[in-house]
Amino acid sequence: MKKIIAIALTCAMLLSVAGCSQNNDSGNDGTSTTSQAADTDNNGGESTSENTGDDTTGGEEDPNGGDSEPIEMIGPFADMTYSEASTKIYNDNLGDFKAALDIATAEVDDLSKRYALMAVAEAKLLESGIFIPIKANGGAYAINRLASYTNSPVMWGTDNYRFYQNLITTDFITAADRDEMKVKYNELKGSGEYLAWAKQYLIDKGYELKDEKSVYYSADLTTWDVLATNEADNSELLVQTYDGLLEYDCENVQQPALAESYEVSEDGLTYTFHLRQGVKWVDSQGREVADLTADDFVAGMQHAFDAKSGTEGLLRDLIVGTGEYIDGKDLNFDNVGVKAVDEYTVEYTLQQVAPYFASMTGYGIFAPMSRSYFESQGGKLGAEFEQVKDTDAYKYGKDQNSIAYCGPFLVTNATSKNSMTLEANPSYWNKDALNIHKQNWRYTESTDPKTSYDDAINGFVDGVGLDESTITMAKEAATDDGSNIFDKYHYTSLTDSTTYGGFLNLNRQQFVNPNDQVKMPSQKTEQQKVDYITAAQNVHFRLAVYFALDRGNQNAQLRGEDLKYNSLRNTYTPGNMVMLLEDTTISINGTDTTFEAGTNYGKIVQAQLTADGFKAKVYDEATDSTDGFDGWYNPENAKAELAIAIEELKAQGLEISKENPIYLDYPVAAQVPQFKQGAYVIKQSVEEALDGCVIINVIEGSSYDDRNYAMFYPETGLEMNFDFMDAAGWGPDYGDPMSFLNTMLPDYNGDCTKYVGIY
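Nothing here was measured: the structure is a model prediction, and the numbers come from that model.

Engineer: What am I meant to see in the overall build of the protein here?
Structural biologist: On a plain count of helices and strands, the protein comes out with 20 helices and 27 strands. What you see for the protein is a C-alpha radius of gyration of 25 Å, in line with the 27 Å of a compact globule of 759 residues. Across its three principal directions, the C-alpha atoms of the protein cover 75 × 70 × 55 Å. Across the 759 residues that make up the protein, the buried fraction comes to 64%. Summing over all exposed atoms, the protein offers an accessible surface of approximately 25700 Å²; the carbon and sulfur share of this is 44%.

Shown next, in the form of structure tokens:
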């Protein structure tokens, strides 16, 4: 699934989950559509509404190619087509990254060497100045009824949305008890014993467990077909309705789910899964409609490709025949490498070794689909899908009553912009494992953190993240033991795998929102528009801007001064996402360098940056982390980079000075005070560090949609209406750095290159 994440509503709901292309508002916590208020130590903190999809779009149409009307561009590439300009900009600025990535992906036999070489590629990406990592989800104060570590902490995919094993108490859990649970979790992790221990611990401490979970959501589902969506607002709920082949538990161990076991061929190209027998498909009323079989995985994947949600790009060039089927070159699905070997055995054949393949199998595109139920709702596979999908005869996925369920929950009620109710599936194969038997999803459009706080206190939702205003409220609210709500219950959520970034648009051609030609308008003159595009081609200019960004003080507008660094991230791929499995030697600028087994990915990124003389600190040796400090903000480095840029651009005929500054348009959702304040922190820090040679124009939108249409909703870089933005991020689809790095591929195959104004 594509993971560009867009944060949408209140900064107080704080929760979200990783993954997918995500839209953040300059470090805001936005709204949580699901596990609000920090999944206590997992995925807590920031909420996002995502547009999920895949790491690679599979090649979008050139908006300036074929027989289409040529686009008249401005700036240094005015004599090129948009696609030609995109290719030149990519090669000039990301050529070193792509070359290093190609070397890394060619390494298929040695997983540790692959990781190390990917870290080298990531260093080249950071050095390009194409973007700057800004922050992760989490790192916020919160209070919650959700017990620590009873949600999956997996850093990729959608298993962290699966709530059925959550332990929820009727009262907030105290900070002291969370500390004890943390110690025990670290002791038991990997043993399979933590969940049972936590349940008994809470009972012994006098907590009453409840079997309901109550969360916020901020957008109605646009489809109930999990195989036809690339939006997280859909997948966060729909993952409750089906199981995957394998799933990560609360101890971050991948467990059998619909597959009881699997094996991999000696050459690493064939994965054979042996399915659990007796699993039933049911409708929304719990009535059995079919048995689950291997054919349901074949039908599901074909339907995902037919529906063209964007998720299919994840498997392009991975599973045999997928590219040909997706592109329409071979519509015989028998030639795609997913087969029902027999009734309960499904086999996937890869065209290249992918050590991370098993980590993908809980994801939406691998979801099964009852072929017979699909057909009963007017569904067709293959070429016939196009003929029926827009007709009244096609009902599949239109509402909660037109899908079949094989997961832990049924959606028994869904009222638009009001509420959704999920109840335990009475035919669920693993119903004895359910700690939660009902989920209450509460719709909200509130941007007032105090409303979210009150809802959590009153039990309308189970938890809430705290900002400056609600921290004060919590400190003033006395508890029975003479303490106060903040001191007794608050904890700091951990950061998750989602990385939000800041992007400079290298070829901006849109100066009002493409959907509404009066929204978010630029005030720049024609010459100022051209001057910015010219300056943006210079890597030293871009790095000057990035070194001038005071990310910590921006984050303080939301998190507060105490936590302003907690969620800052300094690499794109989280430094602890993978570690070397064995001692590994690679060449760092021609010098053989050995990294010991257990070395953090981020440490290798830093080694390459240091060897290249790059001035950012992205890894901290003391904490063995790439999070929790600001290794980029440095006004002196910013001034030095700008001085180089001024000289180089002067030779090209562009003067940059206080009298002739470069103007950057920076859109923001101004209706949330913390977002607006954060934007002006950035404006001040950049203008001060760069001595007025760069001016930030904060463009204030009147709604989230205004902001999102400027920088998040557009499908290509051509429609992006900004010079600088920090409203999007990425969460990984599977357990490999490639899930991040693939977002920067060329030729319409990278989900995040559009934020640079190309492809």
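Engineer: Explanation requested: the packing of aromatic side chains in the structure shown.
Structural biologist: The way to describe two aromatic rings as a pair is by their centre distance and the angle between their planes. All told, the structure shown has 40 aromatic pairs when counted by the stated rule. Between Phe 374 and Tyr 394 the ring centres are 6.2 Å apart and the planes differ by 80°, which places this aromatic pair in the edge-to-face class. Residue Phe 374 is located in helix α8 (residues 371-376), and its partner Tyr 394 is located in the loop between α9 (384-388) and β17 (409-415); the two are separated by 20 residues in the primary sequence. Just as Phe 374 is buried, Tyr 394 falls in that class too. Directly above the ring of Phe 163 sits Lys 213, whose terminal nitrogen or CZ lies 3.9 Å from the centroid. The ring of Phe 629 is capped by Lys 617, whose NZ or CZ atom sits 5.1 Å from the centre of that ring.

Engineer: Which parts of the structure should I look at to understand the sheet that holds strand β16 (residues 345-349)?
Structural biologist: What links the strands of a sheet is backbone hydrogen bonding, and the strands pair in either a parallel or an antiparallel sense. Strand order in the open sheet made by the four strands is β11-β12-β16-β15, with antiparallel pairing throughout. With partners counted over all chains shown, the strands left at the sheet margins are β11 (259-264) and β15 (338-342), one partner each. Sheet twist, expressed as the average angle between the axes of neighbouring strands with direction ignored, equals 25°. With five bridges connecting them, β11 and strand β12 (residues 270-275) associate as antiparallel partners. Residue pairing across strands places Ala 259 opposite Leu 275, the latter belonging to β12. The strands that helix α6 (residues 295-307) touches are β12, β15 and β16; relative to β15, the one it contacts most, it runs at about 165°.

Engineer: Hey, could you run me through the nonpolar core in this one?
Structural biologist: The nonpolar side chains of a soluble globular protein tend to be buried, and buried together. By size, the foremost hydrophobic cluster in this structure holds 186 residues, and its most contacted members are Tyr 348, Phe 357, Phe 541, Trp 632 and Leu 664. A total of ten residues in this core trace back to one element, the largest contributor, which is helix α2 (residues 111-127). Contact partners of Trp 632, with chain neighbours within four places excluded, come to Leu 126, Ile 132, Pro 133, Leu 543, Tyr 546, Phe 547, Arg 551, Asn 570, Phe 614, Ala 616 and Val 618.

Engineer: How should the environment of Ile 173 be read in this particular structure?
Structural biologist: Following the sequence through the fold, Ile 173 ends up in the loop between β6 (168-169) and α3 (175-188). Residues Ile 173 and Tyr 207 lie 34 residues apart in sequence; the distance between their C-alpha atoms is 8.2 Å. Each residue touching Ile 173, except ones within four places of it in the same chain, is listed here: Asn 144, Arg 145, Leu 146, Ala 147, Arg 178, Leu 202, Tyr 207 and Tyr 489.

Engineer: I keep staring at the side chain of Asn 513 and nothing clicks. Help me out?
Structural biologist: When you line up the elements, Asn 513 lands in the loop between β22 (499-504) and α13 (526-536). On the accessibility criterion, Asn 513 (0% relative accessible area) is buried. A polar side-chain atom of Asn 513 sits 3.5 Å from the main-chain amide nitrogen of Ala 710. If we skip the residues at most four places from it in the chain, Asn 513 touches Lys 519, Met 520, Asp 706, Tyr 709, Ala 710 and Asn 721.

Engineer: Would you mind showing me how to read the pattern of salt bridges here?
Structural biologist: A complete count under the given rule lists 32 salt bridges for this structure. Residues Asp 327 and Arg 316 are paired through a salt bridge, measuring 2.8 Å at the closest nitrogen-oxygen approach. One end of the pair, Asp 327, is in the loop between α7 (322-326) and β15; the other, Arg 316, is in the loop between α6 and α7, and eleven residues separate them in sequence. With a relative accessible area of 15%, Arg 316 lands in the buried category.

Engineer: When you look at the sheet that holds strand β19 (residues 438-443) in this model, what are you seeing that I'm missing?
Structural biologist: The sheet built from four strands is open, its strands ordered β8-β19-β18-β17 with mixed pairing. Looking along the sheet, the strands with just one partner apiece sit at the ends: β8 (212-217) and β17. Taking each pair of neighbouring strands and ignoring which way they run, the sheet shows an average axis angle of 15°. Summarising the sheet, β8 and β19 pair through six bridges and their orientation is parallel. By the bridge assignment for β19, Glu 212 is matched with Lys 438.

Reading guide: rules and limits
Position numbers for residues count from 1 along each chain, tracking the sequence in the order it is written. In keeping with the predicted nature of the model, local features appear solely for residues at pLDDT of at least 70, side-chain atom pairs appear and are counted solely at 80 or more, and the whole-chain, interface and lining totals rest on all residues. Water and hydrogen atoms play no part in the side-chain values, which are based on all heavy atoms of the structure. Helix and strand assignments follow DSSP, with helices taken as H or I runs no shorter than four residues and strands as E runs no shorter than two, numbered in order from the N terminus. Radius of gyration: over C-alpha atoms. The globule rule applied is 2.2 Å multiplied by the number of residues raised to the 0.38 power. Each residue is assigned to one of three classes by its accessible area relative to the maximum for its type, calculated with a 1.4 Å probe on protein chains only: buried under 20%, partly exposed between the two thresholds, exposed over 50%. Computed with a 1.4 Å probe, the accessible areas rest on the Shrake-Rupley method; for each residue, only the protein chains presented here act as cover. To pair, rings of Phe, Tyr and Trp, with the six-membered ring standing in for Trp, must have centres within 6.5 Å; the planes then decide the type, stacked if under 30 degrees apart, edge-to-face if over 60, and tilted in the middle. Counting as a charge over the ring demands two things of the Lys NZ or Arg CZ atom: a distance within 6 Å of the ring centre and an angle within 35 degrees of the ring normal. For two strands to pair, DSSP has to find at least two bridges joining them. Every axis corresponds to a line fitted to the C-alpha atoms, with the helix fit spanning only the stretch in contact, and the corresponding angles, defined between N-to-C directions, vary from 0 to 180 degrees. Residue contacts are counted whenever heavy atoms from the two residues lie within 4.5 Å of one another. Grouping buried Ala, Val, Leu, Ile, Met, Phe, Trp, Tyr and Cys residues that are joined through side-chain atoms within 4.5 Å yields what is termed a nonpolar core. Polar contact is defined as a pair of N or O atoms within 3.5 Å, subject to the rule that within protein one atom must be able to donate a hydrogen and the other to accept it, and that residues adjacent in sequence are counted only when both atoms are side-chain atoms. Salt bridges are identified by distance alone: a Lys or Arg side-chain nitrogen within 4 Å of an Asp or Glu carboxyl oxygen.

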